[in-house]
Amino acid sequence: MASKSLTAGDKVKWEAAGGEVHGTVVKKETGTTKVKGHTAKASTKDPQFRVKSSKSGKEAVHKADELKKA
């Protein structure tokens with residue numbers, strides 16, 4: 001998915017160890033950030049997206065190609 005087509009508030013889904021997860025894009029990350037002890041090395045040329053699970057409320061950071069609009 002092209003990164004410019006995702007914005008905060010978009011409903012998305014992604015694959016996780018426990019199966020498909022649904023959630024919402026919180027923000028576009030364009031710099032190094034940490035979430036749940038993991039360092040996401042995003043940049044303006046290769047942004048990543050902070051997402052929040054609809055079920056658990058937990059946040060994660062994913063690359064655009066790992067996310068699909070729900």
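In this convention, every chain numbers its residues from 1, walking through the sequence in written order. Totals for whole chains, interfaces and linings use every residue, but because this is a predicted model, local features are given only for residues with pLDDT of at least 70 and side-chain atom pairs only at 80 or more, for both listing and counting. In computing side-chain values, all of the structure's heavy atoms are included and hydrogens and water are not.

**A look at unusual backbone geometry**
Inference 1: Phi is positive for Lys36, which is not a glycine, with a value near 50 degrees.
Inference 2: Checked against the element boundaries, Lys36 lands in the loop between β3 (32-35) and β4 (38-41).
Inference 3: Overall, the relative accessible area of 65% leaves Lys36 in the exposed class. Strands here are runs of E lasting at least two residues and helices are runs of H or I lasting at least four, both read from the DSSP assignment and numbered beginning at the N terminus. With a 1.4 Å probe rolled over the protein chains alone, any residue whose accessible area is under 20% of its type maximum counts as buried; one over 50% counts as exposed, and the rest are partly exposed.

**What about the environment of Val26?**
Inference 1: Inspection of the secondary structure assignment puts Val26 in strand β2 (residues 19-29).
Inference 2: Between the alpha carbons of Val26 and Gly9 there is a distance of 6.3 Å; along the sequence they are 17 residues apart.
Inference 3: What makes two residues a contact is simply this: any of their non-hydrogen atoms within 4.5 Å. Discounting residues that sit within four places of it in the chain, Val26 has contacts with Ala8, Arg50, Val51, Lys52 and Glu59.

**Description of the pairing of β2**
Inference 1: In the sheet, strand β1 (residues 11-16) pairs with β2 via six bridges, with the strands oriented antiparallel. Bridging from a neighbouring strand, Lys11 pairs with Thr24 of β2.
Inference 2: Note: two strands are recorded as paired if DSSP finds a minimum of 2 bridges between them. If you look at the hairpin formed by β1 and β2, you'll find two residues sitting between the two strands.
Inference 3: By the bridge criterion, six bridges tie β2 to strand β5 (residues 48-53) in an arrangement that is antiparallel. Directly across from Lys27, in β5, lies its bridge partner Arg50.

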